[in-house]
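Take a look at the letters that make up each chain.
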There are 2 protein chains.
Amino acid sequence: MKHIAILGSTGSIGRSTLSIVESYHERFSVVSLAAGHNIDAAHQQCLHWRPHVISMATEELAVDLQRRLRKNGLTATEVVWGSEGTVRVATLPEVDFVVSAIVGVAGLEATYAAVQAGKTIGLANKEAMVAAGEILTAAARQKKVLLLPIDSEHNAIHQCMRAGQRSEVRQIWLTASGGPFRTLPIEKFDSITVEEALHHPTWVMGRRITIDSATMMNKGLEIIEACRLFDLPATAIKVTVHPQSTVHSLVEYVDGSLIAQISVTDMRLPILYALSYPERIPSDLRFDMATLSDLQFEPPDLERFPCLRLAYEAGEKGGAHPIALNAADEIAVDAFLKRAIPFMGIPATIEQVLETTPEMHPATVKEVLAADSQAREMAREVLAAREVPHRC
Amino acid sequence: MKHIAILGSTGSIGRSTLSIVESYHERFSVVSLAAGHNIDAAHQQCLHWRPHVISMATEELAVDLQRRLRKNGLTATEVVWGSEGTVRVATLPEVDFVVSAIVGVAGLEATYAAVQAGKTIGLANKEAMVAAGEILTAAARQKKVLLLPIDSEHNAIHQCMRAGQRSEVRQIWLTASGGPFRTLPIEKFDSITVEEALHHPTWVMGRRITIDSATMMNKGLEIIEACRLFDLPATAIKVTVHPQSTVHSLVEYVDGSLIAQISVTDMRLPILYALSYPERIPSDLRFDMATLSDLQFEPPDLERFPCLRLAYEAGEKGGAHPIALNAADEIAVDAFLKRAIPFMGIPATIEQVLETTPEMHPATVKEVLAADSQAREMAREVLAAREVPHRC
């Protein structure tokens, strides 16, 4: 029996993880949850899963949840809050496996603490890896802890990497759906609306990741995540636009063989893979070979998707740059969702922030978080100073 | 340095192997060759490679070659002949790796002897695996010898199988180009000419394998080969028609992941993989991702390609049936190439031979060869008795 903590239990990955645990209750059990702000969902999860510990975003929410749980007679669940609470959820002695699925750098401290506590990590929080990849992988190496990617692309790469040694990898091909604007002419990019950007062709995901998919920043962050996870330079991570999202990524070996992973577009599959690794266990998430047809692959257009170029640049510079890339993106996407800037204002904002980002290499999680705050501040300043007319 | 014997050195796989050895002369050296009937090519190979031993098909050819080599002052190469000669080439003490590429069951004895002698085998001779797969794999297990497939499909499967355990494989998808008659209406199958059948859309290969590709018997034999190599039932080996021949095969795991291998259609790649396994070494056989587009996959049509159905049936029955399938096919293809029977006479002949094949399970190579001879005899009788008018 694997005992699981879920950081981000009410989000999309968290809920998929719970669905997998439900299907394989003889193998997996949930012992702790970090739920954030959604108190109704957290309440329901407590009633269903009866975790030892649950953490909420704030003390207020925690008190509210505790009161609700007492009404239900559920006194065994300890309710904690804040980043300390999340760390507690991630480091409980009875936890074997931590699913790190809190979006943004919020989950970073807890993920790092989980690595330090020797837990196996299922990593769905790509921002943690982008901002603190070097620190996390160094700690994981030292503690002999597995970092198993749950992102569908990195999970695919993890599978394909089993067909050879890391030193035998020539490059990695990250597939990208291309998002909703793959074929949109560049002159129409500035008038893209929030509603258009939130409509993703293949995956149903959270709001930030959906916008990141539309700007292809999602792929940009994945380039950096792949560098860190698989210990390769940014130049060895290529992107191929594959609108069908059927091939989840490919690994090209030095001998000329490419190994690709194909499956249904359902996050439960990478979650199941990570939870059961190194085993593979039977699932009904079957891919229908009759649907395998007309697979297309094309190079990405860096002009229409400048976020991709910015990510390569930040990935090559390393240090504070990937942190700033991610932080500025989060702020800029938020501004776009609030209709404060147009779609192409997202990369413009990030680029301005990157231009002023100092050449420094944070060595601790604390320094990462400081660099992150600084970049956010800078992004807000850039946004405040913007004189671009609002068009969406 | 790996010391290599090549069985079938003047054939297409043999020549590709020599080209790989030439490119990687710091890693591989050729110590012995079995060359068959092509004395001019054998002569050239001796001058270039100076093998310790070379075997020709007959004593006459061996004497002729020896005379020529003496003229060239090449006395260090020992010239032998016949099946005994081939066995000697395969079992020389200084040989580490045997490339088994003699088409048909002719290479079987020598391949078996090589396994018994503890040599690593690169297996390009699918008929040996079809006819004597159980015997070869049992001997390989006992001697702890690796049987590395050189067929592009099985080589692809070998690579994809590294991403999990054998027990975690749900099924294998062998890709088939579909051959030149993939889209030909069934009513035109009986008027297919030898020239049309010899024109393969993607691979340049020997004559029998090209016809086998046109009838899809090639894929049928590969189904049985895959069963033996990967220890799976025939029902777990599926065929998908993939006209681009870019994905060389896929392995479907129980969790729902498919792992696929993609590469250029060049036999040097699987040869290099087998020769260097478990390493992968750099090559210039690079796949151009810009060519990865419009990938099609469709189910095979068992009505137009009855050889596929016959292979499944023979594979499930096992014992003498796969032997008879292969033997009858070789005879029938020969008859077709000699314009003695029409294209659809190939499966018809094989089906008749299979109907009279006894339910027996050969336990030794000798018994396999006896069953093979018997099936050939039967195929000749069936052909002699044919009254189908010759139309091509």
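In this text the structure is predicted, and so the values were computed from the model without any measurement.

Reading the values: the criteria
Residues numbered from 1 in each chain as written. Chains lettered and ligands numbered in written order. Predicted model: local features only at pLDDT ≥ 70, side-chain atom pairs only at ≥ 80, totals over all residues. Heavy atoms only, no water. Helix = DSSP H or I, 4+ residues; strand = E, 2+ residues; numbered from the N terminus. Rg over C-alpha atoms; globule rule 2.2 N^0.38 Å. Buried < 20%, exposed > 50% of the residue type's maximum accessible area, 1.4 Å probe, protein only. Contact = heavy atoms within 4.5 Å. Lys, Arg positive; Asp, Glu negative; His and termini not counted. Charge placed at Lys NZ, Arg CZ, Asp CG, Glu CD. Expected span 1.5 Å × (residues − 1). Arc of directions from axis to C-beta. Least-squares fit on C-alpha atoms with pLDDT ≥ 70 in both. Salt bridge = Lys/Arg side-chain N within 4 Å of Asp/Glu carboxyl O. Pairing = 2+ DSSP bridges. Polar contact = N/O pair within 3.5 Å; in protein donor to acceptor, adjacent residues only side chain to side chain. Buried area = accessible area lost by both parts, 1.4 Å probe. Phe/Tyr/Trp six-rings, centres within 6.5 Å; stacked < 30°, edge-to-face > 60°. Lys NZ or Arg CZ within 6 Å of the ring centre and 35° of its normal. Core = buried A, V, L, I, M, F, W, Y, C linked by side-chain atoms within 4.5 Å. Axes fitted to C-alpha atoms, helices over the stretch in contact; angles between N-to-C directions.

> I would appreciate a short explanation of the overall build of chain A in the present structure.
Looking only at helices and strands, chain A has 15 helices and 11 strands in total. In terms of C-alpha radius of gyration, chain A reaches 20 Å, essentially the compact-globule figure of 21 Å for 392 residues. Each of the 392 residues in chain A was classed as buried or not, and the buried ones make up 61%. Partitioning the contacts of chain A with sequence separation of at least 6, the portion at a separation of at least 24 is 72%. When the 37 basic and 47 acidic side-chain charges of chain A are each reduced to a single mean position, those positions are 4 Å apart.

> Mind showing me how you'd approach helix α15 (residues 365-385) of chain A here?
At 3.6 residues per turn, the α-helix brings residues three or four places apart onto the same side. All names here are of chain A. For α15, spanning 21 residues, the distance from its first C-alpha to its last is 30 Å, which sits close to the expected 30 Å at 1.5 Å a residue. For α15, the set of buried residues is Val-365, Val-368, Ala-371, Asp-372, Ala-375, Arg-376, Ala-379, Val-382 and Leu-383. Projection of α15 onto a plane perpendicular to its axis shows the buried side chains occupying an angular sector of 140°, all on one side. Opposite the buried face of α15, by more than 90 degrees, sit the exposed residues Lys-366, Ala-384 and Ala-385. Residues of α15 that are buried sit in contact with α5 (108-116), α6 (126-143), α13 (320-337) and α14 (345-355).

> I tried to follow the relation of the copies chain B and chain A on my own but got confused; where do I start?
The two chain copies are related to each other by a rotation about an axis together with a translation along it. By a simple turn and slide, chain B fits onto chain A: the slide is 0.0 Å along the axis, the RMSD is 0.0 Å, and the turn is 180°. Such a combination of turn and shift is consistent with a two-fold rotation axis.

> Please explain the environment of Arg-208 of chain B as it appears in this structure.
All names here are of chain B. Among the structural elements, Arg-208 can be located in helix α9 (residues 207-215). Each C-alpha atom, one on Arg-208 and one on Asn-218, is 9.2 Å from the other, the two residues being 10 residues apart in sequence. If we ignore the near neighbours within four places in the chain, the residues touching Arg-208 are Gly-104, Glu-127, Leu-221, Asn-326, Asp-329, Glu-330 and Val-333.

> Help me understand the pattern of salt bridges, please; the structure alone is not making it clear to me.
Close approach of charged atoms allows side chains of opposite charge to pair. One pass over the structure, following the stated rule, counts 52 salt bridges over all chains. For Arg-309 of chain A, the salt bridge is made with Glu-351 of chain A, and the minimal N-O distance between the two is 3.2 Å. With Arg-309 of chain A in helix α12 (residues 306-317) and Glu-351 of chain A in helix α14, this residue pair connects regions lying 42 residues apart in the sequence. Residue Arg-208 of chain B pairs with Asp-329 of chain B through a salt bridge whose shortest N-O separation is 2.8 Å. Within this pair, whereas Arg-208 of chain B is found in helix α9, its partner Asp-329 of chain B is found in helix α13 (residues 320-337), the two being separated by 121 residues in sequence. The two residues Arg-208 of chain B and Asp-329 of chain B agree in class, both being buried.

> How should I be thinking about the pairing of strand β10 (residues 247-253) of chain B in this particular structure?
Taken residue by residue, a regular strand's side chains alternate between the two faces of the sheet. Residues and elements named next belong to chain B. Buried residues dominate β10, accounting for seven of its seven residues. In this structure, strand β8 (residues 169-176) lies alongside β10, joined through five bridges in antiparallel fashion. If you follow Leu-174 over to β10, its bridge partner there is Ser-249. Following β10, the chain reverses through four residues before pairing antiparallel with strand β11 (residues 258-262); Gly-256 in that reversal takes a positive phi of roughly 110°.

> Can you walk me through the side chain of Ser-276 of chain A in this structure?
Residue and element names in this part refer to chain A. Relative to the assigned elements, Ser-276 resides in helix α11 (residues 268-276). Here Ser-276 falls in the buried class, since its relative accessible area comes to 6%. A polar contact is formed between the side chain of Ser-276 and the backbone oxygen of Leu-272, at a distance of 2.6 Å. Contact partners of Ser-276, with chain neighbours within four places excluded, come to Lys-2, Phe-28 and Ile-281.

> Would you explain the interface of chain B and chain A in this entry?
Bring the parts together and some accessible area is lost; that lost area is often taken as the interface size. Contacts between chain B and chain A engage 41 residues on the former and 41 residues on the latter. When the buried surface of chain B facing chain A is broken down by residue, Asp-255, Arg-280 and Met-289 of chain B rank first, second and third, together holding 21% of it. The tally of links between chain B and chain A comes to four salt bridges. Of the charged contacts, one joins Asp-255 of chain A and Arg-280 of chain B as a salt bridge, the two residues approaching to 2.9 Å between their closest N and O atoms. Here chain B is connected to chain A by 28 residue pairs in polar contact (both at pLDDT 80 or more). At the level of secondary structure, the elements contributing two or more residues to the side of chain B that touches chain A comprise β8, β10, β11 and α11 (268-276) of chain B. Alignment of strand β11 (residues 258-262) of chain A against β11 of chain B, held across five bridges, turns out to be antiparallel.

> Looking at this structure, I do not really get the packing of aromatic side chains. What am I missing?
Note on aromatic pairs: each is described by the distance of the centres and the angle between the planes. Tallied over the entire structure, the rule returns 14 aromatic pairs over all chains. Each ring, one from Phe-181 of chain A and one from Phe-343 of chain A, has its centre 5.3 Å from the other, and the planes form 80°; the classification is edge-to-face. You can see Phe-181 of chain A sitting in the loop between β8 (169-176) and α8 (194-197) and its partner Phe-343 of chain A sitting in the loop between α13 and α14, a full 162 residues away along the chain. Pair check on accessibility: Phe-181 of chain A and Phe-343 of chain A agree, each one buried. Aromatic pair Phe-336 of chain B and Phe-343 of chain B: ring centres 5.6 Å apart, planes at 75°, arrangement edge-to-face. On the basis of relative accessible area, Phe-336 of chain B is assigned to the buried category, the value being 0%. Residue Phe-343 of chain B is classed as buried on the basis of its relative accessible area, which comes to 1%. Among the aromatic residues, ring-to-ring pairing joins Phe-181, Phe-189, Phe-305, Phe-336 and Phe-343 of chain A into one connected group. Across from the ring centre of Tyr-253 of chain B, 4.1 Å away, lies the NZ or CZ of Arg-280 of chain A, which sits over that ring.

> In this structure, what is going on with the nonpolar core? I would like to understand it.
What tends to happen in soluble globular proteins is that the nonpolar side chains get buried as a cluster. By size, the foremost hydrophobic cluster in this structure holds 190 residues, and its most contacted members are Leu-325, Phe-343 and Ile-350 of chain A together with Leu-325, Phe-343 and Ile-350 of chain B. Contact partners of Phe-343 of chain A, with chain neighbours within four places excluded, come to Phe-181, Phe-189, Ile-192, Ala-197, Ala-214, Thr-215 and Phe-336 of chain A.

> Where do I start with the sheet that holds β10 of chain B in this structure?
By definition, the strands of a sheet pair up through backbone hydrogen bonds, in either a parallel or an antiparallel sense. If you trace the eight strands from one edge of the open sheet to the other, you get β9(A)-β8(A)-β10(A)-β11(A)-β11(B)-β10(B)-β8(B)-β9(B), paired in mixed fashion. Taken across any chain shown, the strands that pair with only one partner, and hence form the sheet edges, are β9 (237-241) of chain A together with β9 (237-241) of chain B. Taken over all neighbouring pairs, the strand axes of this sheet differ in orientation by 25° on average, direction set aside. Pairing geometry for β8 of chain B and β9 of chain B, over five bridges, is parallel. In the strand pairing of β9 of chain B, Trp-173 of chain B is matched with Lys-238 of chain B.

> For this particular structure, what's the right way to read the sheet that holds strand β2 (residues 28-36) of chain B?
All names here are of chain B. Read from one edge of the open sheet, seven strands run β4-β3-β2-β1-β5-β6-β7, paired in parallel fashion. Looking at which strands have only one partner, the edges of the open sheet turn out to be β4 (78-81) and β7 (147-149). Adjacent strand axes in the sheet meet at a mean angle of 20° when their direction is disregarded. Summarising the sheet, strand β1 (residues 2-7) and strand β5 (residues 97-100) pair through four bridges and their orientation is parallel. Across the sheet, residue Ile-6 finds its bridge partner in β5, namely Val-99. Along the sheet face, helix α4 (residues 82-91) touches β1, β2, β3 (53-56), β4 and β5 and points at about 155° away from the line of β3. Where helix α5 (residues 108-116) meets the sheet, its contacts fall on β1, β5, β6 (120-123) and β7, and the angle it forms with β6 comes to roughly 150°.

Just distances and angles here, no functional claims.
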